[in-house]
Number of protein chains: 4
Amino acid sequence: MTSTRESIQISLVQLDNYGPWTVTPSPRRETDLQALQARLYAALADFVGNHDGYAFFDRFDNMIAVTDGMTVPDHERFQEQIRNQFPVTVSIGIGVGRTPTEALGAASQALQAEGSAQDADRTEQLATAGAVGDTRGSLTVAHFDVVDVTGEFTDQKAAGETSLAIQRATVSLASYLREEHEGIARFVGGDNIIALCPSLDEGAFEGAREHVQATTGIDLQVGVGEGETPHKAGYRAKLALEECRETGRRIERFSPQATIDR
Amino acid sequence: MTSTRESIQISLVQLDNYGPWTVTPSPRRETDLQALQARLYAALADFVGNHDGYAFFDRFDNMIAVTDGMTVPDHERFQEQIRNQFPVTVSIGIGVGRTPTEALGAASQALQAEGSAQDADRTEQLATAGAVGDTRGSLTVAHFDVVDVTGEFTDQKAAGETSLAIQRATVSLASYLREEHEGIARFVGGDNIIALCPSLDEGAFEGAREHVQATTGIDLQVGVGEGETPHKAGYRAKLALEECRETGRRIERFSPQATIDR
Amino acid sequence: MTSTRESIQISLVQLDNYGPWTVTPSPRRETDLQALQARLYAALADFVGNHDGYAFFDRFDNMIAVTDGMTVPDHERFQEQIRNQFPVTVSIGIGVGRTPTEALGAASQALQAEGSAQDADRTEQLATAGAVGDTRGSLTVAHFDVVDVTGEFTDQKAAGETSLAIQRATVSLASYLREEHEGIARFVGGDNIIALCPSLDEGAFEGAREHVQATTGIDLQVGVGEGETPHKAGYRAKLALEECRETGRRIERFSPQATIDR
Amino acid sequence: MTSTRESIQISLVQLDNYGPWTVTPSPRRETDLQALQARLYAALADFVGNHDGYAFFDRFDNMIAVTDGMTVPDHERFQEQIRNQFPVTVSIGIGVGRTPTEALGAASQALQAEGSAQDADRTEQLATAGAVGDTRGSLTVAHFDVVDVTGEFTDQKAAGETSLAIQRATVSLASYLREEHEGIARFVGGDNIIALCPSLDEGAFEGAREHVQATTGIDLQVGVGEGETPHKAGYRAKLALEECRETGRRIERFSPQATIDR
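Residues numbered from 1 in each chain as written. Chains lettered and ligands numbered in written order. Predicted model: local features only at pLDDT ≥ 70, side-chain atom pairs only at ≥ 80, totals over all residues. Heavy atoms only, no water.

As annotated in an unreviewed UniProt entry, chain A carries the name GTP cyclohydrolase III and is attributed to Natranaeroarchaeum sulfidigenes. As recorded by UniProt, the Function (unreviewed entry) comment attached to chain A reads in full: "Catalyzes the formation of 2-amino-5-formylamino-6-ribofuranosylamino-4(3H)-pyrimidinone ribonucleotide monophosphate and inorganic phosphate from GTP. Also has an independent pyrophosphate phosphohydrolase activity." If you open the UniProt record of chain A and go to Catalytic activity (unreviewed entry), you find "GTP + 3 H2O = 2-amino-5-formylamino-6-(5-phospho-D-ribosylamino)pyrimidin-4(3H)-one + 2 phosphate + 2 H(+)". (UniProt positions renumbered as here; feature names shortened; annotations may be inferred.)

Sheet strands pair via backbone hydrogen bonds, and the direction of the pair is either parallel or antiparallel. All names here are of chain C. Pairing is mixed in the open sheet, where five strands are placed in the order β7-β8-β6-β9-β10. Across the chains shown, the open sheet's two edge strands, defined by having one partner strand only, are β7 (184-189) and β10 (251-253). With direction set aside, neighbouring strand axes in the sheet form an average angle of 20°. In this sheet, β10 lies alongside strand β9 (residues 220-227) in parallel orientation, the contact comprising three bridges. Bridging across to β10, Val224 finds its partner in Arg253. Each of β6 (139-146), β8 (192-197), β9 and β10 is contacted by helix α7 (residues 202-216), which is oriented at about 150° to β10, the strand it contacts most. (Pairing = 2+ DSSP bridges. Helix = DSSP H or I, 4+ residues; strand = E, 2+ residues; numbered from the N terminus. Axes fitted to C-alpha atoms, helices over the stretch in contact; angles between N-to-C directions. Contact = heavy atoms within 4.5 Å.)

What follows deals with the interface of chain A and chain B. If you look at the interface, chain A gives 78 residues, while chain B gives 79 residues. Summing both sides of the interface, chain A and chain B together bury roughly 6,000 Å²; the carbon and sulfur share of this comes to 54%. When the buried surface of chain A facing chain B is broken down by residue, Pro27, Arg29 and Arg59 of chain A rank first, second and third, together holding 12% of it. At the surface where chain A touches chain B, the tally comes to eight salt bridges. The salt bridge involving Arg29 of chain A is made with Asp52 of chain B; its shortest N-O contact spans 2.8 Å. Applying the counting criterion to the chain A and chain B interface returns 38 residue pairs in polar contact (both at pLDDT 80 or more). Those elements giving two or more residues to the side of chain A that touches chain B turn out to be β1 (8-15), α2 (30-49), β2 (54-56), α4 (100-112), α5 (149-154), α6 (159-181), β7 (184-189) and α8 (230-247) of chain A. The biggest single contributor to the side of chain A that touches chain B is α2 of chain A, with 16 residues. Along the lines of polarity and charge, the residues of the side of chain A that touches chain B split into 30 nonpolar, 26 polar and 22 charged. (Buried area = accessible area lost by both parts, 1.4 Å probe. Salt bridge = Lys/Arg side-chain N within 4 Å of Asp/Glu carboxyl O. Polar contact = N/O pair within 3.5 Å; in protein donor to acceptor, adjacent residues only side chain to side chain. Nonpolar A, V, L, I, M, F, W, Y, C, P; charged D, E, K, R; others polar.)

Within the secondary structure layout, Gln112 of chain A lies in helix α4. A distance of 2.9 Å separates a polar atom in the side chain of Gln112 of chain A from the backbone oxygen of Thr154 of chain B. If we ignore the near neighbours within four places in the chain, the residues touching Gln112 of chain A are Phe153, Thr154, Asp155, Gln156 and Lys157 of chain B.

Attention now moves to the domain arrangement of chain A. Residue and element names in this part refer to chain A. According to the domain assignment, chain A consists of domain 1 (8-129) and domain 2 (139-253). For domain 1 and domain 2, the distance between their C-alpha centres works out to 25 Å. Tallying the contact residues gives 16 residues for domain 1 and 19 residues for domain 2. Taken together, the two surfaces of domain 1 and domain 2 that pack against each other cover about 1,500 Å², and 74% of this comes from carbon and sulfur. Counting the surface domain 1 buries against domain 2, the share from its top three residues, Tyr54, Phe56 and Thr101, is 41%. Inspection of the domain 1/domain 2 interface yields one salt bridge. Asp58 is the partner of Arg186 in a salt bridge, and the nearest nitrogen-oxygen pair spans 2.6 Å. For the side of domain 1 that touches domain 2, the elements supplying multiple residues, two or more each, are β1, β2, β3 (62-66) and α4. At four residues, α4 tops the list of elements feeding residues into the side of domain 1 that touches domain 2. (Domains from an automatic or database assignment.)

Quick look at the packing of aromatic side chains now. Each aromatic ring pair is specified by the distance between its two centres and by the angle formed by the two planes. Under the counting rule described, the total for this entry stands at 26 aromatic pairs over all chains. Taking the centre distance of 6.3 Å and the plane angle of 90° together, the rings of Tyr41 of chain A and Phe60 of chain A count as edge-to-face. Of this pair, Tyr41 of chain A sits in helix α2 while Phe60 of chain A sits in the loop between β2 and β3, placing them 19 residues apart in sequence. A single burial state applies to Tyr41 of chain A and to Phe60 of chain A, both of which are buried. Geometrically, the ring pair formed by Tyr18 of chain B and Trp21 of chain B is stacked, given 6.0 Å between the ring centres and 20° between the ring planes. Pair noted here: Tyr18 of chain B and Trp21 of chain B are both in helix α1 (residues 18-22), with a separation of three residues, about one helical turn. (Phe/Tyr/Trp six-rings, centres within 6.5 Å; stacked < 30°, edge-to-face > 60°. Buried < 20%, exposed > 50% of the residue type's maximum accessible area, 1.4 Å probe, protein only.)

Now for the interface of chain C and chain B. Each partner contributes residues to the interface: chain C has nine residues there, and chain B has nine residues. Interface of chain C and chain B: buried area, both sides summed, is about 810 Å²; carbon and sulfur atoms make up 20% of it. Taken together, chain C and chain B are joined by zero salt bridges. Taken together, the links from chain C to chain B amount to four residue pairs in polar contact (both at pLDDT 80 or more). Breaking the side of chain C that touches chain B down by element, the ones donating at least two residues are α2 (30-49) and α3 (72-85) of chain C. Looking at which element gives the most residues to the side of chain C that touches chain B, the answer is α3 of chain C, with four residues. Of the residues belonging to the side of chain C that touches chain B, the class tally is one nonpolar, four polar and four charged.

This brings us to the relation of the copies chain C and chain B. For the pair of chain copies, the relating transformation is a rotation about an axis with a translation along it. Mapping chain C onto chain B calls for a screw motion: a turn of 180° about the axis and a shift of 0.0 Å along it, with 0.0 Å RMSD after fitting. On this basis, the relationship between the two copies can be described by a two-fold rotation axis. When the interface residues of chain C are mapped onto chain B, 100% of them again lie at the interface, so the same face is used by both copies. (Least-squares fit on C-alpha atoms with pLDDT ≥ 70 in both.)

Here we take up the packing of α6 of chain A against helix α6 (residues 159-181) of chain B. It is at 10 Å that the axes of α6 of chain A and α6 of chain B come closest, and there the two elements cross at 150°. It follows that α6 of chain A is roughly antiparallel to α6 of chain B by the angle criterion. Handedness of the α6 of chain A/α6 of chain B crossing: left-handed. Contacts between α6 of chain A and α6 of chain B involve Gly160, Glu161, Leu164, Gln167, Arg168, Thr170, Val171, Ala174, Ser175, Arg178 and Glu179 of chain A on the former and, on the latter, Gly160, Glu161, Leu164, Gln167, Arg168, Thr170, Val171, Ala174, Ser175, Arg178 and Glu179 of chain B. Across the contact of α6 of chain A with α6 of chain B, the residue classes tally to six nonpolar, eight polar and eight charged. (Parallel < 35°, antiparallel > 145°, perpendicular 65-115°, else oblique. Left-handed = near helix turned anticlockwise from the far one by under 90°.)

Residues and elements named next belong to chain C. The strand order across the open sheet built from five strands is β2-β3-β1-β4-β5, with neighbouring strands paired in mixed fashion. Looking at the sheet topology across the chains shown, the edges are occupied by β2 (54-56) and β5 (126-129). Geometrically, the sheet is characterised by an average inter-axis angle of 15° between neighbouring strands, direction not taken into account.

Written out as structure tokens, the structure is:
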């Protein structure tokens, strides 16, 4: 058995001087920008996915990835790919910390120390904070979704209403986990919210659920997984969430006795 | 000069039975799903962009597009492209309404009437409500962003904090515009929020700004544009937002005297 | 019924100053270039596909599209999309001619008159020859493949051998159709070769088949379709080729009595 | 210094039952298929590029990659990505051999032994021949292009003529290298042909150049590189080709004294 992880590595991928580029020489067509941003994010997701990492679109011009095990040359390779395939370049801050917020904070500070995101001379920086590529132990992923979202929302309400409800739940959950547990939660599509967490007991997840219920009226369920890579932890979290759907319980942890085939 | 538009056409693009697919036969790798969703959205953005429309990722498994002028066969062509290039298919509801929320509501209801989003037998439906392809007059796009986001947030704060602040502003603005003016606002990356609105006076936009400031402490500025297509209206909104950045005013409307080169 | 087309419109899409870019400041990684070129071509295929056109990768830095009905602003929109989403730009020559080679020749000359493909100052040109967007009548698409390629080649021989055999057949067919009938034939994947032709009788196609057989020993079959758009003509050619597979005949023309559902 | 490589690893990536899929239930739109094939190839190029490999589109439904150092689980990960992001799946044969044609032949046979490419039940096979992931020593990449292609062809002749000339040169070169030296040469865009070769002396490359000149009249130049990975060998070949352009010599080998910065 792996011990609880003492650290996590998070990379902040920032498009260089992107805002000014989007309006030079005149504002670029919005749908072109939407497609560009989405494909840049897809490239990041594929890249870190091939290293068993996780990726979040965050603000698109600032994307977040869990990159445990990925080295500085791995990140340089990603910068090379973007430079060769897209009209923009990226700078990256890599932070290692005891908790997700600490790691992301370290990544942010390392990158900010290199200059402004809108400094035309600050391109393709790669700044690090901590022992990159050398995190150890297991990490925790919690995969949340809305109980019966299809029956309660998608098939019943206007799409705009459903969307807003899930955004509210996301903000509520992300704020709570950040403030109470130094976790990072992000919307990943549909009614799914994925959180990177320190090792937490069931009471902590129940607290999060109750906070969201109290502030937004939305009933979340959550599968919790641990693993040596973000992918393994996240995969176990998905299996646990499947158990929630079957058992009706609101919190399930992946049972290590269960077989994993990938 | 075009008259104020009496109607707007919005399409709701829904992945067919997507939730079950993502866990069949076992949960699929999250980064693969993230990349898939992003590229599906990019395909939609490109498609409607070529018809001078606008697109929002919304929940990724439910995407929204402003599709004035696009016909039913145009939408069928998009369904064909997705079927031929992706491992999932899409159903579409097209709604025409006097306001954005009315149009999206009509699109949602039309699609819901065809069956559940998780009904394995409901695939590639195309349901309409209203006179598709026949909207008239001009529509309004309002392009918001955060005043000095780079100086105040991106270069100063941890990426997690910035991201949450902008999510809060988005939820606050979207809720307000929906309730007060039947508008639809969505995050489009960076610190940008784009709203589809009925024709509104300056006081309405000031009210929205003040609401967001009061509830989240975030100072927004907004460029407002009108035009016969979403692209033209949105392009003028971007020009107006550029004026905000230059003049320091918080609300600018595109002046029809200004030259547009595209 | 439509009359035989008197003209066809072909667009030559040329990456601007691409060769020098691939080695600046030092040679770029080959796989990045391969992926870039492939996605640029996919963007072109999607774009002209949405106008019922046809596309060929040709040399990737010079791509060919059949663009009947597409206007100059349509082509400008494509240039805009590439500029906004890729690290390179494209110039386009559009030619209208009585035959495919005449149209492509006109497109080439129009573009060459704007300057060299490796002139750093010649970017995003759009040159035309003939009445763009105004071709009339029906055009002919011939869709060839190798008789029993899976049984004879793919499942039997080394991949390198199969590939070379099909390249030889392609060169032989393309040369013959070009010289004898002013047609353009291009490899489109697998064992498929698609030819744009003037209106030709069955003897002409039999002549082409015999030439390829004599020079390369490869037995081709061909489905021939006519239609008002490249897509319709090509779709009928595919249906006719399906008939070849069923009947064992080597040349089939789409029978206008057959139902087409798209 | 690394010793001359005794073996090379080549993977044959074959779309499962693709031909039938393209016409089920009726022929799919050609441009959709073109875009699909191109993006599948881009995914392969990105994937092997991240392992310092090389990729060739070959026939698109059968793609070739040089995958030295890539393991069976690496290939399985690629199969997983395709399954999750595309409407088709892939089977792979991996072959290790003393020469490129031996390796590709072994890969082909291993895959053929699993069943037909058009057997609906043969999906996502992964067959190997030889010690996968364990090749040693350096390999040779030769990067050819046409002397002054822009001045002689692109800016002077009709695009169709240039394209055919380069196809003829490709077939001539590929046939010669295959028969004389068990090498594999493929067109990679523009006027570029890349060959995987055993270790060959300058006379062998001169022989190839002369064969192409004699059979097609086209004057090729070639840069030759060696390295422990396809990327390193190919990068050095590109540097050597740059030297050809500067010195006017027709064959250059990468000088190991030259600095490589990546």
